[in-house]
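# Residue-level structural notes
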Amino acid sequence: MAIKWNSYDVANFHDELVEDRGIPRPYATDLCNYLAALSDKEIIEYKAAADSAIHVMGITFRVYNDEDGSIDRAWPFDIVPRLIDKKEWQIIEVGLKQRVKALNMFIDDLYNEQNIIRDGIFPAELLEKSKNFLPQCKGFSPPLGIWAHICGSDLVRDDQGIVYVLEDNLRVPSGVSYMLENRLVMKRVFPEMFEKYSILPIDDYPSELYDMLAQMSPRDIEEPEIVVLTPGIYNSAYFEHAYLAQQMGAELVEGNDLVVGDDDIVYMRTIEGLSRIDVIYRRIDDNFLDPEVFNPDSTLGVPGLMRAWKAGNVALTNAPGSGVADDKVVYAYVPAIIEYYLGEKTLLPNVPTYKCHDAREREYVLANIEKMVVKPANESGGYGMLIGPHSSPEEHQAFRELIKADPRNYVAQPMLILSTAPTLFDTEVEPRHLDLRPFILSGKNVTVTAGGLTRVAMRKGSTVVNSSQGGGSKDTWIVDMESL
Amino acid sequence: MSMLSRVASTLYWMARYLERAENTARLVNVNSHLLLDLPRSVVLGWEPVVDILSNRELFYALHEQASEHAVVNFIVTERANPSSIISSLSAARENARTIREIIPREAWEQINTLYLFATENQHDAFSRRQRYNYLNKIILANQTITGLLAGTMTHDDGYEFLCIGRNIERADMTTRIIDVRSASLLPDMEHEQSAFDNIQWMSVLKSLTAYQMYRREVRLRINRRDVLKFLLQEEHFPRSLLHALKEVERGLERLPRNQDITKALQGANKQLMSAKPEALKQDKLHEFIDLMQIELDNLHESISHTYF
């Protein structure tokens, strides 16, 4: 017998499946027993079956490096799922909806009346220095006042078992296709496990996404023309762009496929000539969207797109400029934002965050940098971060200088002790740190995926879960223990 | 929903690359077998295979001699040769990847698997013992993909572009094989046929998997006249030139904005049907084939101009 739970050491971490050495959490008991009953040979076979499914399904992501350019790597996947009790999940879900609703109201306010600044809740200088605030969007409000139609929020759990929101991704969050594919791989490899549990399904995401996008159509017609706009096959998330387009039955287009006419309407080039577009789910960053307005050298975007959008002739999701709220400094204000717009207490806590533009908080960060995680305001993918406890004194000093030079660009958080889950290495399991990215869709209703994408730091002790930096992933099961 | 021009072009090229890989695999297999059947005195070798693929210049830039190893390397695995089997499969896969939302998922998986199989086992191409199996698996996988697409993909405009691409590539290969083989394999057609001529014409048929079907159609001993007629003008054999062109014509008829192209193609097809290639001497046959190749180029150009 290969997996022995009584030698699985959860140390001082909160483990998602195991309460203490040899004692699974109630909702994980069946899974742990099932895994413990597998022989080494079976474990190796199942792992190989999962790898082969990933290989054959062509689930890949691209990694950039200076030497080789970009290469496709097979999606790293761990066959031990991560479980969450449905009862706990329902609370998280309500918290996420609250958060995204408030964030959308915040964005709409910033581009219009700016009441939150006038009322002294959010400092005007932060907005002035925000890289993601687009002055071109001022005075405009998209249908229903929704800017961030698709949001991916990263959740972590600390050693006390408390779930925090680590960050909100409101620009072009990615990962949802991997969430869907992970489930397909698990169904191919472990059909038995699906009989033991009542697991909430996730495969309706593409239909939910389609419905939400269709609601945004400026033309009130039965089948609006929806497209997914991708930078092309060399983008690290191209797999996902193609996957979502396919699952929704939408056209996958590149910038060159689209053209904006003198009538400010967006068309795509087809074998029959030009054909009108209603909704663009764009997976291109703001800066590259429209060379007429933003980066004039962009060949990825479509000249005139902003004109068409502001004329109300096409819907862009997420709306340009949504990124203003996806800034790690704005993050620190989210509890205040929720209270301001909704008059409610924040349901899902933020990780305590020190804002370096505030003199007192900055002093604290500079003095305690070796204990903290320092993040630049506008980077994603784990780039440009300092993890204090894992860095050298030279690195600490370098970051002190960076912070002093541009305080508005940095926030710092105490080093959270992230929760772990059993992760397979050869034929044994070891605890590894993880996070969770659920996806929230905002249209006429707000919907949340049942679970999300669980990302695992595969290196022992590491908390960096980004796939671009060696992270792996797990299928996430929201298990309904009451229906059994 | 009408089809994106870029997607139509990608489908077209994907099908061409797949067909090219399959045809090339056949060509190499048949040549390997042919060499075993011929006496030592008939020096045939591998160079004609390079000529069929019109790659002489590139080949000699990369290799000194047309040895078996060099030619197989060049034609099957060499990445520097854009029409080697591996390069074609890689291009087909890249094309498929950019339109994976258009083609059925299983088809993408098969194309991906085929590419991985071909690259991971490429050393098999160099061993005479393994080569046949290796190439045959590539051929079969291609047939599976064709079948999957026919059986699971909506037969819409995109599917027409796929079939058009496949048939243009097929017509191209058929004309190339006839051109090179009839010239270099059988230098002296006017004289009495030897047993080896027979074997060589058989190999031409086999390169196009036409042998069995030819025998069903033509009961006589294999001869130049009937083989040429069969491969160029047999309307019902799927790898004959006329059949491929008729398929393109049929596909074009279902596409929008097709008037000019179909008119030109119908003209070319009439010309082909009324021609008597079997009566042509070798040099005239070569001219005739050249003419057909030019027609194919024009056809490709006007499709690309109109739709892509």
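Definitions and limits used
Residues numbered from 1 in each chain as written. Chains lettered and ligands numbered in written order. Predicted model: local features only at pLDDT ≥ 70, side-chain atom pairs only at ≥ 80, totals over all residues. Helix = DSSP H or I, 4+ residues; strand = E, 2+ residues; numbered from the N terminus. Pairing = 2+ DSSP bridges. Axes fitted to C-alpha atoms, helices over the stretch in contact; angles between N-to-C directions. pLDDT = per-residue confidence, 0-100. Contact = placed C-beta atoms within 7 Å. Domains from an automatic or database assignment. Nonpolar A, V, L, I, M, F, W, Y, C, P; charged D, E, K, R; others polar. Parallel < 35°, antiparallel > 145°, perpendicular 65-115°, else oblique. Left-handed = near helix turned anticlockwise from the far one by under 90°. Buried ≥ 20, exposed ≤ 12 C-beta atoms within 10 Å, placed from the backbone.

Attention now goes to unusual backbone geometry. Residue and element names in this part refer to chain A. N318 follows T317 through a cis peptide bond whose omega is -15°. Relative to the helices and strands, N318 resides in the loop between β14 (315-317) and α12 (328-331). Phi is positive for L144, which is not a glycine, with a value near 65°. Here L144 lies in the loop between α5 (124-128) and β6 (150-157). Although it is not a glycine, D264 adopts a positive phi angle of roughly 60°.

Our focus in this paragraph is the sheet that holds strand β15 (residues 354-355) of chain A. All names here are of chain A. Taken together, the 4 strands give an open sheet; going across it, the order is β15-β18-β16-β17, and neighbouring strands pair in antiparallel fashion. Either end of the sheet is taken by a strand with one partner, and the two such strands are β15 and β17 (386-387). Note: strand β16 (residues 372-376) against strand β18 (residues 410-414), 5 bridges, orientation antiparallel. Residue pairing across strands places P376 opposite Y410, the latter belonging to β18.

All right, on to the sheet that holds strand β8 (residues 226-230) of chain A then. All names here are of chain A. A sheet is described by the order of its strands in space; here 4 strands give the open sequence β9-β8-β13-β14, paired in parallel fashion. Edge positions in the sheet fall to β9 (251-254) and β14, since each of these pairs with one other strand and no more. Here the average twist between neighbouring strands, direction ignored, is 30°. Bridge count for β8 against β9 is 4 bridges, and the pairing is parallel.

Looking at chain A, the pLDDT average stands at 91 and 96% of residues meet or exceed 70. Long-range and interchain partners of residues 66-70 of chain A, a stretch whose pLDDT sits below 50, account for 4 contacts in this model, where long-range means more than four residues apart.

Take the domain arrangement of chain B next. Residue and element names in this part refer to chain B. Per the domain assignment, the segments of chain B are domain 1 (1-153) and domain 2 (155-308). The straight-line distance from the C-alpha centre of domain 1 to that of domain 2 is 20 Å. With 26 residues of domain 1 in contact, the opposing surface of domain 2 contributes 26 residues. Elements with a contribution of two residues or more to the side of domain 1 that touches domain 2: α1 (5-37) and α2 (47-52). Among the elements that take part in the side of domain 1 that touches domain 2, α1 stands out by supplying 17 residues, more than any other. Of the residues belonging to the side of domain 1 that touches domain 2, the class tally is 17 nonpolar, 3 polar and 6 charged.

Let's shift gears to the packing of helix α12 (residues 241-253) of chain B against helix α13 (residues 259-274) of chain B. All names here are of chain B. At a minimum axis separation of 10 Å, α12 and α13 run at an interaxial angle of 160°. Comparing the axis directions of α12 and α13 gives the class roughly antiparallel. Our pair here, α12 against α13, has a crossing hand that is left-handed. The residues of α13 that touch α12, namely those facing L241, L242, L245, K246, V248, E249, L252 and E253, are I261, T262, L265, Q266, A268, N269, L272 and M273. Taken together, the residues of the contact of α12 with α13 break down into 10 nonpolar, 3 polar and 3 charged.

This paragraph deals with the interface of chain A and chain B. It is common to give the size of an interface as the accessible area lost on bringing the parts into contact. Counting residues at the interface gives 18 residues for chain A and 20 residues for chain B. Looking at the side of chain A that touches chain B, the elements with two or more residues in it are α2 (40-57), α9 (238-248), β9 and β11 (266-270) of chain A. With 4 residues, the top contributor of residues to the side of chain A that touches chain B is β9 of chain A. Class assignment for the residues of the side of chain A that touches chain B results in 9 nonpolar, 4 polar and 5 charged.

Here we come to the environment of E42 of chain A. Within the element layout of this structure, E42 of chain A appears in helix α2. A sequence separation of 385 residues divides E42 of chain A from T427 of chain A, and the C-alpha atoms of the two residues are 9.3 Å apart.

Along any regular strand, the residues point their side chains to alternate faces of the sheet. All names here are of chain A. Only one face of β11 is buried, namely the one carrying V266, M268 and T270, since none of Y267 and R269 on the opposite face is buried. As paired strands, strand β10 (residues 258-260) and β11 are joined by 3 bridges and run antiparallel to one another. By the bridge assignment for β11, L258 is matched with M268. Taking the residues between adjacent antiparallel strands as the criterion, β10 and β11 are bridged by 5 residues, where D264 takes a positive phi near 60°. In sequence, β11 turns back onto strand β12 (residues 273-276) through a hairpin of 2 residues.

Moving on: the packing of α2 of chain A against helix α6 (residues 176-189) of chain A. Two quantities define a packed helix pair, namely the angle between the axes and the distance from one axis to the other. All names here are of chain A. Axis separation between α2 and α6 bottoms out at 9 Å; the angle between their running directions is 130°. For the element pair α2 / α6, the angle class is oblique. In this structure, α2 crosses over α6, and the sense of that crossing is right-handed. Between α2, through Y46, A49, A50, A53, I54 and M57, and α6, the contact on the second element is made entirely by E181, V185, R188 and V189.

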